[in-house]
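What the coordinates show
Each chain, letter by letter, is given below.
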Amino acid sequence: MSTSALDPQIHDPERLRVVATLAALPDGDALALTRLQDMLGLTPGNLITRLRELDHAGYVRTEKTGGDRAQAIVTLTCDGRAALDHYAAVLRRLPRVTREDHQVPAPYVRVGDADRDAAAAALGEHFAQGRLTLDELDARLDATLTATTHGELSQAAWDEPDLTAQVARVSPGQTPVARTDSE
Amino acid sequence: MNDDGLDPLIHVPTRLKIVATLAALPDGDTLSFTRLQDMLGLTPGNLIIQLRKLEEADYISSEKTRNGSAQKTTVTLTRCGRKALGAYTQALRDLLGGL
């Protein structure tokens, strides 16, 4: 399988749900088959087929517990967990998907410490790159660290380019889209 | 759409790549057919089939322009397609949790 392909064993919607559900358990924990079935709302036949396919790929293991109340339990294998991690990584490498992800919060939305810290760090970077004098930095840091809303926060850094904004656009490893087409 | 919210029209890997690539363009921007084909490394036949399915669902629209003897096809994501991709990624994110 190529490193950039979406693992077809995991990509199937039902198998994906099975694997994602098992992956949410702590490492090595097992889930009873009946419980898994309840959680996913699949028919027993359907679930068993998916588990067999995943078992075949080496991603899950189904075992029977002994004793008088025998039941089938299902665990994700190390390979299964690694395959899901890899699958998620491939998904993340797809071109940036929705711009809703990057939408600036409305100006009245209140900011938290993390927002203030990020804005202050960005100002520090602009200062380091010579775009701000020390006085400007001081004034803006004050405004940044006392900002209570996104409106105030963006005002404190109002004319600075966002250093992170340009990075995530278009696709990884591709030439820019703006190039003229030679058709 | 099936009940776990993973839109089957988008879920097919090839179509997911097409839609995600078009979604990375600024709203309303188009990409030529050949450029899209280059970026995704698909055969023309495969790309045409996938684009037709997406166009039937009104997720993309395509336009043919004629410039002298050369004909050029450009493709763009519709508002509906962008919305569908947003719902799809949200469903996937819910499913994969912190991964």
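We now turn to the structure provided with this report. (Residues numbered from 1 in each chain as written. Chains lettered and ligands numbered in written order. Predicted model: local features only at pLDDT ≥ 70, side-chain atom pairs only at ≥ 80, totals over all residues.)

**Here's the deal with the overall build of chain B**
- A tally of regular secondary structure across chain B gives five helices and three strands.
- Ordered by position in the sequence, the α and β elements of chain B form the string α-α-β-α-α-β-β-α.
- Each of the 99 residues in chain B was classed as buried or not, and the buried ones make up 31%.
- Partitioning the contacts of chain B with sequence separation of at least 6, the portion at a separation of at least 24 is 57%. (Helix = DSSP H or I, 4+ residues; strand = E, 2+ residues; numbered from the N terminus. Buried ≥ 20, exposed ≤ 12 C-beta atoms within 10 Å, placed from the backbone. Contact = placed C-beta atoms within 7 Å.)

**A short note on the nonpolar core**
- Judged by nonpolar contacts, the single largest core of 23 residues is most densely connected at V19, L22, A23, I60 and V75 of chain B.
- Only α2 (13-23), α3 (33-40), α4 (44-56), β3 (70-77) and α5 (79-96) of chain B provide two or more residues apiece to this core.
- Examining the composition of this core, we find that six residues originate from one element, α2 of chain B, more than from any other.
- Among the nonpolar cores identified, the runner-up in size contains 18 residues, and L6, L16, L76 and A83 of chain A belong to it. (Core = buried A, V, L, I, M, F, W, Y, C linked by C-beta atoms within 7 Å.)

**Some words on the sheet that holds strand β2 (residues 60-64) of chain A**
Residue and element names in this part refer to chain A.
- One open sheet holds the three strands; their spatial order is β1-β3-β2, and the pairing between them is antiparallel. Across the chains shown, the open sheet's two edge strands, defined by having one partner strand only, are β1 (31-32) and β2.
- Here helix α2 (residues 13-23) sits on the sheet in contact with β1, β2 and β3 (72-76), set at roughly 85° to β3. (Pairing = 2+ DSSP bridges. Axes fitted to C-alpha atoms, helices over the stretch in contact; angles between N-to-C directions.)

**Some details on helix α6 (residues 113-128) of chain A**
- Compared with the 22 Å implied by 1.5 Å per residue over 16 residues, the 22 Å span of α6 of chain A between its first and last C-alpha is a close match.
- Following α6 of chain A by one or two positions, G130 of chain A adopts a phi angle in the positive range, close to 85°. (Expected span 1.5 Å × (residues − 1).)

**Digging into α3 of chain B**
Residue and element names in this part refer to chain B.
- Those residues of α3 not exposed but buried are F33, R35 and L36. Buried residues of α3 fall within an arc of 165° about the axis and therefore sit on the same side.
- Looking at the buried positions of α3, the neighbouring elements they touch are α2, β1 (31-32), α4 and β3.
- Positioned one or two residues after α3, G41 has a phi angle of 65°, which is positive. (Arc of directions from axis to C-beta.)

**Description of the sheet that holds β1 of chain B**
All names here are of chain B.
- In spatial order, the strands read β1-β3-β2; together these three strands make up an open sheet with antiparallel pairing. Unpaired on one side and paired on the other, β1 and β2 (60-67) mark the two borders of the sheet.
- Inspection of the sheet shows β2 paired to β3 by eight bridges, in the antiparallel sense. Following the sheet pairing, E63 is matched in β3 by T74.
- Here α4 sits on the sheet in contact with β2 and β3, set at roughly 120° to β2.

**What about the packing of α2 of chain B against α3 of chain B?**
All names here are of chain B.
- Interhelical geometry of α2 versus α3 gives an angle of 120° and a closest axis separation of 11 Å. Viewed along their axes, α2 and α3 form a crossing whose handedness is right-handed. On α3, the residues that touch K17, I18 and T21 of α2 are L36, M39 and L40.
- Split by residue class, the contact of α2 with α3 holds four nonpolar, one polar and one charged. (Left-handed = near helix turned anticlockwise from the far one by under 90°. Nonpolar A, V, L, I, M, F, W, Y, C, P; charged D, E, K, R; others polar.)

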